[in-house]
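Reading the structure
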Amino acid sequence: MNDVSICNPKVGMRFEMRGSEFEVCFAQFGLLRYASVKGGTPYRLKINKFHDYQERKEIKILKPELYKGDQVQGCDDGGYAPASLSQKELTEGMRRIRYAEAATSELVHPNSYKEIENWLPSCAARIKDVNPPVPRSVSSWVKTYREKGRDALFAPERKRGNRTLKFSPEIHILMLEAIDEYLNKKERRDAKDVLAHIAGRLAEQDLLDKDGEKVPIPHERTIRRYLEKLDPYLLIRLKQGPLAAEKAVRAAGKVITSPGPMHLVQIDTHFLKVFVVDPETGEVLGKPYLVCAFDVRTRCIVGVYISLMPASAATTLGVVKDMLTRPNSGLPGGIPVYLIPDNGVEFKNAAVVRLCASLSIHFEPAQVRDPNGKAHVERFFSTLSNYLIQKLPGRTFTDINTRGDYKSEKEATATLEDIEKYVRFWIEEEYHQRIHSGTSRAPIMHWQEETSAVPRQGLTPTDVDVLARTPYQVKINRGRVRVEKLEFCSQALKKLEAEHKGSVTVLLNELDLSYVYVQDPYEKGNFIQADSVDPEYTKGLTLSEHKEVQVLKMKMAKEDLDALGKNANLLARWQLMQMVQKDSKAARKKIAKLTNGAGRKSFGKQESLPILDETPPPSMVKQETERHRKPEDPQTRLRGRGVEPEITTDITSRDPAFKASAERAFKSKIYRME
């Protein structure tokens, strides 16, 4: 017998590959679809590859004795496992074994037809067989029994029916071509469309017309049987996409058990089908989202958070904070061991992840689009909708026929706070006191019984407020810290700024941006509260809402720039520079005129003479200068570029003291202008 036995895949066959267990779901047309036993994630593989993996011992068939009849290699005995046979096939196999064993032990020549013919009636009467076989059959059974063993006499019933081609090969090729087109079209197709494709192709070849056909064509029922053999996963995947296909072929999950209360807690978000209004204006705000934390062991709701925000890390943080503080009010809750949050939510660098890490909570997100991961809480939402939400004013409907003439937005009167009050009351006073169908116990009684020996401990709101914050490293500037484009101030920060020049840790609450905590770098456990400099804006503001506001502001800024022009800012800056340059040229000309061409720097380098008491007043200097000045010529206007001015008046040549006083007067006027 061969060491390696290779089996053909069969629906229901289980095998182990790379440490994981899988199950065959479909095997036909050379393709194999299998899924993981835990989770049901589907995979595809070619059947020849499946055989190769078995030969290389990368795949191990579990319970191979059940698939002896499906072996293609290593099946030297030709036997079939009794467990894989029907009751009729099993009875026939035992009948053959009795005849073969009796003939082998009682006859000298058990393969002799004459001896078997004389012996057969007595043996049939002994085993009470009313329809004994012919001697030739018994002889073949004895031969098989001697050569291959007793298991070889177990064989499935031979399939009956015509195995020849009913139609010509050309018709079969057209049929496969039509089925291939049927698969590649996302629009709805049926057996009649496939038949019409075959008829059209035959008409192109002059083999069919409206009166009849020259070759037999398949019936619609024949094509329908072909289509039924196709993999349903492949059909749904091509028509509706991979997500719908996986959901359609995946079986319901296993029962999830929890060894104790708060050992396994599931979190999920539900869109409440009811409108809420603004408490001041009465305008409709929209439909709220409910986030619940569900204890699998007792079926109790251990956390609630309602807001207008969709599922996010911030809403998950809100329900976790409520769960941690509920024991202080005598409600079910506390610190869980395993926490399964919302599907598809990005938790990277989120405060809820750091909070769970600090409290040693195992944070394990469920598989995306897998309702089996949180089946219990999904069932709770259905109960909540039927028993509470559908009875509130402003409820919405699933279809227009059910709604009728009911105006949901006009009938809405409940605020967000009212919805939260109704939900919490219904959970504590009705749901927790109702017998649960899964446990046959009232959830609150089950909780009290499970926690009577070891009550669940919670955290104070202050501790949770400090722990459930996002840390930022920033520097203090003028007694303020800036986080997420918001500023927070405190008088104590001014003193800390003078002592500490480095960065400090700022703890931001993602659900309330009205204040932050600044960790004292010199005293561990001491936190300084810094309030927002814009309290009207940050009151009740969440981080996600603030980021949306920033996005809108950027959008408004972009719209303004588009309206003004893409390069309006650069052109305005260029115009400003031109204005500055023009004014600078005018100033230089004026200074050159006043300094007689010497300029500000050259004139400022000259030694300043002491001012004497006998210095004449500026009015006298001006009068004397004007009286003795020569008429201005064109060359005089070009002076002032590094040429020392010449004093050519007669009075200055005759009186040196007046010359000195005139120079001092010019200098004082220049300085006043500067």
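Before going further, it helps to spend a moment on the pairing of strand 16 (residues 480-483). What you see with strand 16 is a clean split: V481 and V483 sit on the buried side and R480 and R482 on the side with no burial. As defined by bridge partners, strand 16 adjoins strand 17 (residues 486-489) across 4 bridges and the pair is classed as antiparallel. What sits directly across from R480, in strand 17, is C489. Connecting strand 16 to the next strand, strand 17, in antiparallel fashion are 2 residues, including E484 with a positive phi near 50 degrees.

The general pattern is negative phi for most residues beyond glycine and trans for most peptide bonds. Look at M262: it is not a glycine, yet its phi comes out positive at around 65 degrees. Take M262: it is sitting in the loop between helix 9 (242-249) and strand 8 (264-271). Residue class for M262 comes out buried when judged on its relative accessible area of 0%. Of note in the backbone geometry, R299 takes a positive phi value of approximately 65 degrees without being a glycine.

There is a patch of nonpolar side chains on the surface, built from L576, M579 and V580 and spanning about 300 Å² of accessible area. Summarising the element assignment, M579 is placed in helix 21 (residues 568-594). Take M579: its relative accessible area is 52%, and that puts it in the exposed class.

What follows concerns helix 15 (residues 416-431). For helix 15, built from 16 residues, the straight-helix expectation of 22 Å at 1.5 Å per residue is met to within 8% by its first-to-last C-alpha distance of 21 Å. When helix 15 is considered as a whole, its buried residues turn out to be I419, V423, W426, I427, E428 and Y431.

Before going further, it helps to examine the packing of helix 6 (residues 191-204) against helix 7 (residues 220-228). Two elements in contact, helix 6 and helix 7, have axes whose closest approach is 9 Å; the angle formed by their N-to-C orientations is 115 degrees. With respect to their mutual orientation, helix 6 and helix 7 come out roughly perpendicular. Between helix 6 and helix 7 the crossing geometry is right-handed. When helix 6 is examined against helix 7, the residues A191, K192, V194, L195 and I198 are found in contact with a partner set consisting of E220, I223, R224 and L227. A class-by-class count of the residues in the contact of helix 6 with helix 7 yields 6 nonpolar, no polar and 3 charged.

Pairing in this open sheet of 6 strands is antiparallel, and the strands run 15-18-19-20-17-16 from one edge to the other. Of all strands in the sheet, those with a lone pairing partner are strand 15 (470-474) and strand 16, marking the two edges. Direction aside, the axes of adjacent strands within the sheet are offset by 35 degrees on average. The strands that helix 18 (residues 491-499) touches are strand 16, strand 17, strand 18 (504-508), strand 19 (515-519) and strand 20 (527-532); relative to strand 20, the one it contacts most, it runs at about 120 degrees.

Contact geometry of helix 10 (residues 313-325) with helix 11 (residues 351-358) gives a least axis separation of 8 Å together with a crossing angle of 35 degrees. Residue-level inspection shows A313, T316, L317, V320 and L324 of helix 10 in contact with helix 11, the latter providing A351, V352 and L355. Here the contact of helix 10 with helix 11 is composed, by residue class, of 7 nonpolar, 1 polar and no charged.

Two side chains bearing opposite charge may form a pair once their charged atoms approach each other closely. Overall, the coordinates contain 21 salt bridges when judged by the stated rule. A salt bridge links E58 to R56, with the shortest nitrogen-to-oxygen separation between them at 3.2 Å. For the salt bridge of E499 with K495, the shortest nitrogen-to-oxygen distance reads 2.7 Å. Separated by 4 residues within a single helix, E499 and K495 lie in helix 18, roughly one turn from each other. E499 gets classed as partly exposed once you look at its relative accessible area, which sits at 43%. We classify K495 as exposed; its relative accessible area is 56%. Salt bridges sharing partners connect three or more residues here, namely D322, R326, E420, R424 and E428.

We now examine a positive patch on the surface. The grouping of K166, R221, R225 and K229 at the surface amounts to a positive patch. Within the secondary structure, K166 sits in the loop between helix 4 (135-148) and helix 5 (169-184).

This part covers the confidence of the model for the protein chain. On average, residues of the protein chain score 78 in pLDDT, and 74% of them reach the 70 mark or higher. Here residues 640-652 scores under 50 on pLDDT; set against residues more than four positions off or in separate chains, the count is 21 contacts. Confidence over residues 669-674 falls short of pLDDT 50; this stretch has 7 contacts with residues more than four positions distant or in other chains.

Across soluble globular proteins, nonpolar side chains have a tendency to be buried as a group. Counting 30 residues, the largest nonpolar core has V302, V320, M323 and L339 as the members making the most contacts within it. Elements represented by at least two residues in this core include exactly strand 8, strand 11 (289-295), strand 12 (301-307), helix 10 and helix 11. A per-element tally of this core places helix 10 first, with 7 residues. Contacts of V302, omitting those with residues within four sequence positions, involve M262, V265, A293, F294, D295, M323, R326, P332, G333 and W447. Core analysis: the next-biggest nonpolar cluster, separate from the first, contains 22 residues, V274, F380, F381 and I427 among them.

Below, the discussion takes up the side chain of T538. If you trace the backbone, T538 turns up in helix 19 (residues 535-538). One polar contact links the side chain of T538 to the main-chain carbonyl oxygen of D534, over a distance of 3.1 Å. With residues up to four places along the chain from it excluded, the contact list for T538 reads L486, D512, L513, S514 and S532.

Here the focus is the sheet that holds strand 3 (residues 20-28). Reading across the sheet, the 5 strands line up as 5-4-3-2-6 and stay open at both edges, with antiparallel pairing between neighbours. For this open sheet the edge positions go to strand 5 (42-46) and strand 6 (59-61), each flanked by a neighbour on one side alone. Sheet twist, expressed as the average angle between the axes of neighbouring strands with direction ignored, equals 35 degrees. Across 4 bridges, the pairing between strand 2 (residues 14-17) and strand 3 is antiparallel. Looking at strand 3, one finds that M17 is bridged to S20. Contacting strand 2, strand 3, strand 4 (31-36), strand 5 and strand 6, helix 1 (residues 47-55) crosses the sheet at an angle of about 90 degrees to strand 5.

So, on to the packing of aromatic side chains. Taken as a whole and judged by the stated rule, the model has 16 aromatic pairs. An aromatic cluster of at least three residues, connected via ring pairs, comprises F15, F22, Y34, Y43 and F50. Cation over ring: R434 sits above Y387, and NZ or CZ is 4.2 Å from the ring centre.

How each quantity is defined
- Within any chain, residue numbers begin from 1 and follow the written order of that chain's sequence.
- Local features in a predicted model are, by the rule used here, given only for residues with pLDDT of at least 70; side-chain atom pairs are given and counted only at 80 or more, and totals for whole chains, interfaces and linings are based on all residues.
- Each side-chain value is worked out from all heavy atoms of the structure, with water and hydrogens disregarded.
- Whether a residue is buried, partly exposed or exposed follows from its accessible area with a 1.4 Å probe, protein chains only, as a fraction of its type maximum: under 20%, in between, or over 50%, in that order.
- Helix numbers and strand numbers start at the N terminus; a helix is a DSSP run of H or I with at least 4 residues, a strand a run of E with at least 2.
- Strand pairing is assigned whenever DSSP identifies at least 2 bridges connecting the two strands.
- To count toward a patch, a residue needs a relative accessible area above 30% and no salt bridge. Like charges then connect within 9 Å, nonpolar side chains (Val, Leu, Ile, Met, Phe, Trp, Tyr) within 5 Å.
- Where accessible areas are quoted, they stem from the Shrake-Rupley method and a 1.4 Å probe; at the residue level, only the protein chains shown are allowed to cover.
- When a carboxyl oxygen of Asp or Glu is within 4 Å of a side-chain nitrogen of Lys or Arg, the pair counts as a salt bridge.
- Between the first and last residue of a helix there are one fewer steps than residues, each counted as 1.5 Å, and that sum is the expected span.
- Axes here mean lines fitted to C-alpha atoms, for a helix over just the part in contact, with angles spanning 0 to 180 degrees between N-to-C directions.
- The cut-offs work like this: below 35 degrees is roughly parallel, past 145 is roughly antiparallel, 65 to 115 is roughly perpendicular, and the gaps in between are oblique.
- When the near helix sits turned anticlockwise from the far one by under a right angle, the crossing is termed left-handed; a clockwise turn instead gives a right-handed crossing.
- The contact criterion used is simple: two residues touch if any of their non-hydrogen atoms lie within 4.5 Å.
- Any residue outside Ala, Val, Leu, Ile, Met, Phe, Trp, Tyr, Cys, Pro, Asp, Glu, Lys and Arg is labelled polar, Gly included; the first ten of those are nonpolar and the last four are charged.
- Charged residues are defined here as Lys and Arg on the positive side and Asp and Glu on the negative side; His and the ends of the chain fall outside this count.
- Lys charges are placed at NZ, Arg charges at CZ, Asp charges at CG and Glu charges at CD.
- As a per-residue measure, pLDDT tells how confident the predictor is, with possible values from 0 to 100.
- Here, nonpolar core means buried Ala, Val, Leu, Ile, Met, Phe, Trp, Tyr and Cys residues that are tied together by side-chain atoms lying within 4.5 Å of each other.
- Any N or O atom pair separated by 3.5 Å or less is treated as a polar contact, with the protein-specific requirement of one donor-capable and one acceptor-capable atom, and with residues adjacent in sequence counted only for side-chain atom pairs.
- Two rings from Phe, Tyr or Trp (for Trp, the six-membered ring) form a pair when their centres sit within 6.5 Å of each other. Planes less than 30 degrees apart are called stacked, planes more than 60 degrees apart edge-to-face, and all others tilted.
- Two limits define a charge over a ring: the Lys NZ or Arg CZ must be within 6 Å of the ring centre, and within 35 degrees of the ring normal.

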